[in-house]
Amino acid sequence: MREDGEYQLSLWDDCSCGQGIENKLFSKKKNNHNTIMQVDNQVSPGKVPYFCSVRYGIAVFLLLCNVIIMSQRVCLSLTMIAMVNSTEPHGLSNTSTKELQDNIKNPVYNWSTEIQGIMLSSIFYGVLISQIPAGYLSGIYSLKKMIGFALLLSSLFTLLLPLAAEFGEILVIICRVIKGLFQGITLTTQQVIWIKWAPPLELGRLTALSLSGLLLGPCIVLLITGFICDSLGWPMVFYIFGACGCALSVLWFILFYEDPKDHPFISNREKEYITSALTQQVSSSTLIKVPIKAMLKSTPLWVISLCNFAFFWSNTFLSIYIPIYIDYKLHVDVEENGLLSSLPHLFAWIFAVLAGYMADIFQTRNTFSLVTIRKLFTSLGLLLPSLFSLCLLYLSSSYYATIIFLILANSTGSFAMGGIIINVLDIAPRYYGFLRGITNVIGLTGGLIASTVTGIILSEDAESPWLKIFLLMIANNMISLIFYLIFAKAEVQEWAKERQNTYL
């Protein structure tokens with residue numbers, strides 16, 4: 001403690017990433033019964049701009065990147081209606097006639113339903129394969145190049161998909177798998193950016209804002225893809241989303257810098273604020289030894305992975321099968337089905353941004369400890385979808401009740417953005433990219449299993465398939481949540497702490 005009453009910062013004190021870090025980074029000074037938080041000889045965070053800042057600009061940029069990625073991924077599920085002779089039992093006879101009359105504008109192919117299913121799911125295998133390698137390499141190679149080239153190549157393969165369709169379904173499947181590989185690299189490596197760009201008390205809102213693009217993308221696709229197919233032809237869907245991705249990747253190479261210290265447009269005030277807040281957070285840009293044995297024995301890491309499995313299970317099921325459930329329950333036409341199916345994605349995006357902001361507010365005001373905040377938002381992200389799914393099964397007697405509970409069941413899972421989605425960064429910031437890849441693989445596996453199991457139940461059970469499907473999802477959520485509430489942590493684990501060599 002100095003003579004003027006301010007506290008010096010100890011650079012090598014152990015602390016968790018995000019949990020009360022500002023209590024060590026910011027000095028305290030009392031004046032007229034007021035406590036003023038300020039960085040020692042630096043900038044007061046209260047004077048640093050938030051929304052008009054480079055770090056929030058990066059978050060918005062990543063949001064747009066994720067919107068484009070999801071648009072490129074999901075658009076095939078809707079363009080498939082125009083690409084084949086028949087994908088729906090009740091069909092669209094007028095549209096099909098129009099498309100057949102203009103085969104240049106809307107080429108039509110004779111693909112079986114089995115081939116269509118393989119095409120739609122093939123991209124997930126590419127995403128799954130790339131997660132762990134991308135997470136590990138993100139700690140070694142340039143994030144700017146990895147994300148920029150991955151987004152560019154994903155967009156190029158999107159542009160090539162109409163041409164691939166002309167040569168047969170095998171090329172379409174290969175094209176989708178390769179595109180999934182590059183999308184997986186983009187999705188994993190982008191989260192490592194916040195190690196250097198996110199002050200701990202803003203980690204939740206910046207992460208949630210950027211990742212919310214994954215929820216906003218399907219909403220946009222569902223709203224505009226049908227219009228593009230009708231007015232310009234289905235190939236234009238891939239050309240438009242592919243071109244947007246190429247343009248965005250060029251802007252990424254021009255505008256993004258990996259370290260705030262190197263950014264030419266950042267203000268000195270914001271640069272000093274970020275670097276001061278992250279003084280203790282050391283990251284290595286060289287090849288590091290990964291403590292696999294310690295990770296395998298880490299209970300907090302296992303419960304995060306388990307909850308990721310449950311989260312992706314429920315999110316994948318609710319996202320993919322919303323149109324089918326709406327058709328089963330409400331028997332509406334395709335246009336109305338598309339509009340109703342987009343609403344849950346819109347509200348999920350809103351709740352995701354809200355969750356990140358609320359988590360940071362609770363942490364800034366010391367309302368709860370960091371581990372309590374993570375448990376609270378994880379509980380909301382797993383418990384509320386389960387609760388509203390039960391309401392959907394037993395209380396949705398009217399049209400509007402069904403829509404309301406369906407929206408809430410799908411969108412409230414976004415509260416997990418303030419919990420398990422960023423909890424890995426709390427316990428192991430040094431290995432965040434690698435562990436994010438592992439948890440993503442486990443989560444995506446849950447999504448693939450959910451899609452497969454749901455399809456099997458729907459095909460074999462004609463009496464009460466939806467009851468079994470929803471109850472299975474609810475049981476998965478509850479079991480995972482119980483383990484998380486018991487074993488979750490939010491401080492840096494011993495095996496993940498930075499080690500220094502001491503020479504005598």
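The model shown is predicted, which means the values in this text are computed figures rather than measured ones. (Residues numbered from 1 in each chain as written. Predicted model: local features only at pLDDT ≥ 70, side-chain atom pairs only at ≥ 80, totals over all residues. Heavy atoms only, no water.)

1. Focus: the packing of helix α13 (residues 299–320) against helix α18 (residues 420–427)
So, point 1. Relative to each other, α13 and α18 sit at 165°, their axes nearing to 10 Å. Between α13 and α18, the interaxial angle falls into the category roughly antiparallel. Here α13 and α18 pass one another in a crossing that is left-handed. Along the contact surface, α13 presents Pro 300, Leu 301, Ile 304, Cys 307, Asn 308 and Phe 311, while α18 presents Ile 420, Ile 421, Asn 423, Val 424 and Ile 427.
So, point 2. In terms of residue class, the contact of α13 with α18 is built from nine nonpolar, two polar and no charged. (Axes fitted to C-alpha atoms, helices over the stretch in contact; angles between N-to-C directions. Helix = DSSP H or I, 4+ residues; strand = E, 2+ residues; numbered from the N terminus. Parallel < 35°, antiparallel > 145°, perpendicular 65-115°, else oblique. Left-handed = near helix turned anticlockwise from the far one by under 90°. Contact = heavy atoms within 4.5 Å. Nonpolar A, V, L, I, M, F, W, Y, C, P; charged D, E, K, R; others polar.)

2. Things to note about the nonpolar core
So, point 1. Judged by nonpolar contacts, the single largest core of 67 residues is most densely connected at Ile 58, Ile 193, Trp 194, Trp 197, Met 295 and Leu 435.
So, point 2. Ranked by residues supplied to this core, first place goes to helix α2 (residues 54–83) with 11 residues.
So, point 3. Split by domain, this core shows at least three residues from each of two domains, domain 1 (52–85 + 108–280) and domain 2 (291–503).
So, point 4. For Leu 435, the contacting residues outside a window of four places in its chain are Met 295, Leu 301, Val 424, Ala 428 and Trp 495.
So, point 5. Counting residues in hydrophobic clusters, the runner-up holds 35 residues, among them Val 332, Leu 340, Ala 355 and Leu 392. (Core = buried A, V, L, I, M, F, W, Y, C linked by side-chain atoms within 4.5 Å. Buried < 20%, exposed > 50% of the residue type's maximum accessible area, 1.4 Å probe, protein only. Domains from an automatic or database assignment.)

3. Details of the pattern of salt bridges
So, point 1. Inspection of every chain in the model, using the stated rule, returns six salt bridges.
So, point 2. Of the charged contacts, one joins Asp 259 and Lys 196 as a salt bridge, the two residues approaching to 4.0 Å between their closest N and O atoms. With Asp 259 in the loop between α10 (235–255) and α11 (268–277) and Lys 196 in helix α7 (residues 194–197), this residue pair connects regions lying 63 residues apart in the sequence.
So, point 3. For Lys 196, a relative accessible area of 33% gives the class partly exposed. (Salt bridge = Lys/Arg side-chain N within 4 Å of Asp/Glu carboxyl O.)

4. Some points on the packing of aromatic side chains
Pairs of aromatic rings are described using the distance from one ring centre to the other and the angle between the two planes.
So, point 1. By the definition in use, this model includes 23 aromatic pairs.
So, point 2. Their ring planes at 40° and their centres at 6.4 Å tell us that Phe 317 and Trp 466 sit as a pair that is tilted. Placement of the pair is Phe 317 in helix α13 and Trp 466 in helix α20 (residues 465–487), with a sequence separation of 149 residues. For the residue pair Phe 317 and Trp 466, the accessibility class agrees, reading buried in each case.
So, point 3. In this arrangement the basic side chain of Lys 144 is found over the ring face of Tyr 257, its NZ or CZ atom lying 4.8 Å from the centre. (Phe/Tyr/Trp six-rings, centres within 6.5 Å; stacked < 30°, edge-to-face > 60°. Lys NZ or Arg CZ within 6 Å of the ring centre and 35° of its normal.)

5. Here's the deal with the environment of Phe 362
So, point 1. Along the chain, Phe 362 turns up in helix α15 (residues 334–364).
So, point 2. With 11 residues separating them in the primary sequence, Phe 362 and Ile 373 have C-alpha atoms 7.3 Å apart.
So, point 3. When neighbours within four sequence positions are excluded, Phe 362 is seen to be in contact with Thr 367, Phe 368, Ile 373, Leu 376 and Phe 377.

6. Re the confidence of the model for the chain
So, point 1. Residues at a pLDDT of 70 or more form 82% of the chain, whose mean pLDDT is 81.
So, point 2. Ignoring residues within four places in sequence, the model shows residues 86–101, a span with pLDDT below 50, making 17 contacts including any to other chains.
So, point 3. Contacts for the low-pLDDT stretch residues 500–504, under 50 throughout, to residues beyond four places or in other chains number one contact. (pLDDT = per-residue confidence, 0-100.)

7. Focus: helix α5 (residues 143–167)
So, point 1. With 25 residues, α5 extends 35 Å from end C-alpha to end C-alpha; this agrees with the ideal 36 Å at 1.5 Å per step.
So, point 2. Along its length, α5 shows its largest kink, about 45°, at Leu 161, and proline Pro 162 lies within four residues downstream of that point.
So, point 3. Here α5 starts with a cap whose side-chain oxygen sits 3.3 Å from the backbone nitrogen of Lys 144, and that cap is Ser 142.
So, point 4. Positive phi appears at Gly 168, one or two residues downstream of α5, with a value of about 125°. (Expected span 1.5 Å × (residues − 1). Bend = angle between axes of the 7 residues up to and from the residue. Polar contact = N/O pair within 3.5 Å; in protein donor to acceptor, adjacent residues only side chain to side chain.)

8. With respect to α2
So, point 1. For α2, which comprises 30 residues, the first-to-last C-alpha distance of 42 Å matches the rise-based estimate of 44 Å (1.5 Å per residue) to within 8%.
So, point 2. At Ser 77, α2 shows its maximal kink, close to 35°.
So, point 3. Summarising burial for α2: 24 of the 30 residues are buried, a large majority.
So, point 4. The N-cap residue of α2 is Ser 53: its side-chain oxygen and the backbone nitrogen of Tyr 56 are 3.4 Å apart.

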